[in-house]
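# Chain and residue survey
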Amino acid sequence: MSIAIAMVLVVVGSILFHVLSPWRATPIASNWGFIDDTMGLTFLVTGAGFVAVILFMAYCLYRFRHVPGRRAAYEPENQKLEAWLGIVTTIAVIILLAPGLLVWGQFITVPKDAMVIEAVGVQWSWSFRLPGADNQLGSSDVRYIDTTNSMGLSPADPKGQDDLLIASSELHLPIGKPVKVLLRSIDVLHDFYVPEIRAKMDLVPGVVTYFWFTPTKIGEYEILCAAYCGTGHPQMRGKMVIESEADFETWRVAQQTFEQSRKSDASRDKRASAQ
Amino acid sequence: MTDASVPQNVAPPPAEVADVELYHAHSWITKYVFSQDAKVIAIQYAGTAITVGILALVLSWVIRLQLAFPGAIPFIDANVYYQSVTMHGMIMVVYMLTAIFLGGFGNYLIPLMVGARDMVFPYVNMLSYWVYLIATLVLVSSYFFPGGPTGAGWTLYPPQSILTGTPGHEYGIILMLVSLILFIVGFTMGGLNYVVTVLQARTRGMTLMRMPLTVWGIFAAAVMALLAFPGLFVACVMLLLDRTLGTSFFMPSLVELGERKDYVGGSPILFQHLFWFFGHPEVYIVALPAFGVVSDLISVHARKNIFGYKMMVWAIIAIGVLSMVVWGHHMYISGMDPWFGFFFAVTTLAIAVPTALKVYNWVLTLWHADIHFTTPMLFALGFLVTFVNGGITGLYLGNVIVDVPLSATLFVVAHFHMVMGIAPVLVIFGAIYHWYPKITGRMMDERLGKIHFWITFLGAYAIFFPMHYLGVLGMPRRFYEMGETAFVPASAATLNIVITVIALAVGFAQSIFFYNLFKSLKYGAPAGGNPWRAASLEWQTPETPPGHGNWGEQLPVVYRWPYAYSVPGAPEDYLPQNAPPMRGEHSP
């Protein structure tokens, strides 16, 4: 008997918690409002199912509790009822799945005009690369990594010479422009995660992965790593700064190209050896 | 209702398989230690699983204490934290849940419920336990090696699991892989026994469609495990070779802490495919036996036939088959080809339909029933709540685009603890309270059992329900400490403290159960053979606890299904499976 009351309380408590709790999704700062909408729909449909099933159960527990002389009905099956329940459930699942798949279709279709940037993960920090004047990123390989070339860019590839290297864990992006983020790891699995943009993707050593989004809100956002990458995993932080096109341009032109960084590294090395 | 129908019902079908000669133990050692009796092996399995499960429970306190009071407890550093997370996860999923359901309940219940004398291969059955025990000892021994156990996370993803920067990369990971390989060897021996026994050793009249759903659940889980564990087996062997011999199955060329390694050409994603090809069915390897057991508990204690038995059986089979093609939903953001997302989302959400039908049928079994609120029934009902809750959050994570923001957050932790941690554990408790009288001949204390239930059920719900919301907020999992993070409000830290306090309390409350378990061995009320007045065959043994060979001189003959409760015209509210048919009875 008390279990029936407890179940009603569990349902009421869960709904109240959902409505009153201060822990909700961060304010969205990208074009992926559809993801939030699909999740909202899922909360509605599944919440209704949960409430219906548990309350019905609580009613049965109250109504058909043992009292002296009660005998249960003998009803091995009711195929019509089972078929109906199956159909209703299938429809509910389709209502959840169909919009989800449509949004996934958008998620994996990168707009042609997207700006391409690269995020590189290494235990336990982020660095970034933007294309230079030729608007193309040069090739890269783990083999090229050394003290003056931490991202492993090909020294021979002309496309890579003007690439902008950002080693400060701070990525700037202009508002309102779609960005295709290429993801590369040079050691273990990492995951590019900014809660406010909703999208995320693993960085896998040996392959280049990607995702895209359009920043929609000026501000600073934390970049976390969401794939466990060893003891320093929680310390792997970066910053994503969304700013106006003009501010972004000012920041962009102040960055060092690959060629410049090699030269300055080389001259530093020379000075060091001369001393 | 003519007499003409009686003879064809009464005549038991002929025996297809001759009765077996059992090996009879001659000494205490062969009877209780190196035993070939499935019932003794079951208790060995369950005892080992529960013991190692208590270790995993203590490890969960380490995790919770660190999350609530970061840096406040001297002995918990990042290494200890990640080692605790890894060992807690692996022990609970593989060494506790899998072992207790299949090795424990499977061994005890399959022969008794299908009317067999024992498992078909008793000697192999014994070996399976001893290999499992060695696997467990190897795993725990990693605490005594330099560097300690692996802290690679329970999924052991390479490259990180075998590189420096991960706790236990010296010996811990090797011992973990060796232990898993041994576990799978041991499991395969046990699993073949469960499958062959169900297929070959059923007594006369025990058709497949007259088997209790407990047996169906364990049988389907054993078949799935025999298909899924090889994926993990090869993954472990290959990773072990990568770690020890320098092969590159899963290792691309990479740089480790500034130093270039010799690995070249391997694929870390391949490991994830192999791991989850095992890892996802594993969820159902735990869940299907729980589904089966809970069906039996509800039916017995509600005094009503299980509603829609055939549908329940087909749902078990459908879930088993579908669960083998959904592993990719653990990998939506792994970098695999995104087009797989469509396939895996559809198959994953398709499982919701047979699963929901099972839930409906459990609830409809309560409709017009005669419900006794015994301790096993309370645990079964608690399971329904946590399972429905955890099941529907699976729809979030299976629906590929909704998974994207939620993956790798505490939402996932909350979901799988609710659905495959708490829900099956509630069933395990219910099952122990239910079958304890058959195993020991004594009842467990109902009052203590109810106190245990209320603390465990409400406490566990209070731990994991709010945790979903931390995930929606965006709090990542596998963070040793959150640090200063703008999007996480201070109230989230408060919630973490509340969750931890409840988790400690619920953990300690399990001592009530163990006190009851041991006290009742000696002081429990004598149970008799069938204290719950249950219809299925295991309650109809000539002795309680059943002797070696289970059935005395004659194997039982089965005349009806195991859910003949409150049959109209029957003198009592249940008809045992082996009671001869009533006049004119046509029974499933």
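Residues numbered from 1 in each chain as written. Chains lettered and ligands numbered in written order. Predicted model: local features only at pLDDT ≥ 70, side-chain atom pairs only at ≥ 80, totals over all residues. Heavy atoms only, no water.

Identification of chain B as Cytochrome c oxidase subunit I from Methylocystis rosea is taken from an unreviewed UniProt entry. Per UniProt, chain B has the following entry under Subcellular location (unreviewed entry): "Membrane". In the Sequence similarities (unreviewed entry) part of its UniProt record, chain B is described as follows: "Belongs to the heme-copper respiratory oxidase family." (UniProt positions renumbered as here; feature names shortened; annotations may be inferred.)

## A short note on the overall build of chain A
Each helix and strand in chain A was counted, giving five helices and eleven strands. Taking contacts inside chain A between residues at least 6 apart in sequence as the whole, the part at least 24 apart equals 73%. Per element, the accessible surface of chain A, about 12,200 Å² overall, is 63% carbon and sulfur. Here chain A contributes 24 positive and 27 negative side-chain charges, whose respective centroids are spaced 7 Å apart. (Helix = DSSP H or I, 4+ residues; strand = E, 2+ residues; numbered from the N terminus. Contact = heavy atoms within 4.5 Å. Areas by Shrake-Rupley, 256 points an atom, 1.4 Å probe, with all protein chains shown as cover. Lys, Arg positive; Asp, Glu negative; His and termini not counted. Charge placed at Lys NZ, Arg CZ, Asp CG, Glu CD.)

## Observations concerning the packing of helix H3 (residues 79-107) of chain A against helix H10 (residues 340-350) of chain B
Where H3 of chain A meets H10 of chain B, the closest approach of the two axes is 11 Å, and the angle between their N-to-C directions is 170°. With respect to H10 of chain B, the element H3 of chain A is oriented roughly antiparallel. Counting all contacts with H3 of chain A, which are made through Val93, Leu96, Leu97, Leu101, Trp104 and Gly105 of chain A, the residues of H10 of chain B involved are Gly341, Phe342, Ala345, Val346 and Leu349 of chain B. Here the contact of H3 of chain A with H10 of chain B is composed, by residue class, of nine nonpolar, two polar and no charged. (Axes fitted to C-alpha atoms, helices over the stretch in contact; angles between N-to-C directions. Parallel < 35°, antiparallel > 145°, perpendicular 65-115°, else oblique. Nonpolar A, V, L, I, M, F, W, Y, C, P; charged D, E, K, R; others polar.)

## Brief notes about the interface of chain A and chain B
In this complex, chain A contributes 93 residues to the contact, which on the side of chain B involves 120 residues. Summed over both sides, the interface between chain A and chain B buries roughly 8,900 Å², with carbon and sulfur atoms accounting for 72% of that surface. It is Trp23, Tyr74 and Tyr228 of chain A in chain A that bury the most area against chain B; as a group they hold 10% of the surface buried on that side. In this structure, the connection of chain A to chain B is made through zero salt bridges. Remark: the boundary between chain A and chain B carries 33 residue pairs in polar contact (both at pLDDT 80 or more). Secondary-structure elements contributing two or more residues to the side of chain A that touches chain B are helix H1 (2-20), helix H2 (33-63), H3, strand E6 (190-193), strand E7 (200-203), strand E8 (209-213) and strand E9 (219-225) of chain A. Top contributing element to the side of chain A that touches chain B by residue count: H3 of chain A, with 15 residues. (Buried area = accessible area lost by both parts, 1.4 Å probe. Salt bridge = Lys/Arg side-chain N within 4 Å of Asp/Glu carboxyl O. Polar contact = N/O pair within 3.5 Å; in protein donor to acceptor, adjacent residues only side chain to side chain.)

## Thoughts on the pattern of salt bridges
Residues and elements named next belong to chain A. Counted by the stated rule, this structure contains 15 salt bridges over all chains. Arg198 serves as the salt-bridge partner of Asp36, at 2.7 Å between the closest nitrogen and oxygen. With Asp36 in helix H2 and Arg198 in the loop between E6 and E7, this pair connects stretches of sequence that are 162 residues apart. Given a relative accessible area of 4%, Arg198 falls into the buried group. (Buried < 20%, exposed > 50% of the residue type's maximum accessible area, 1.4 Å probe, protein only.)

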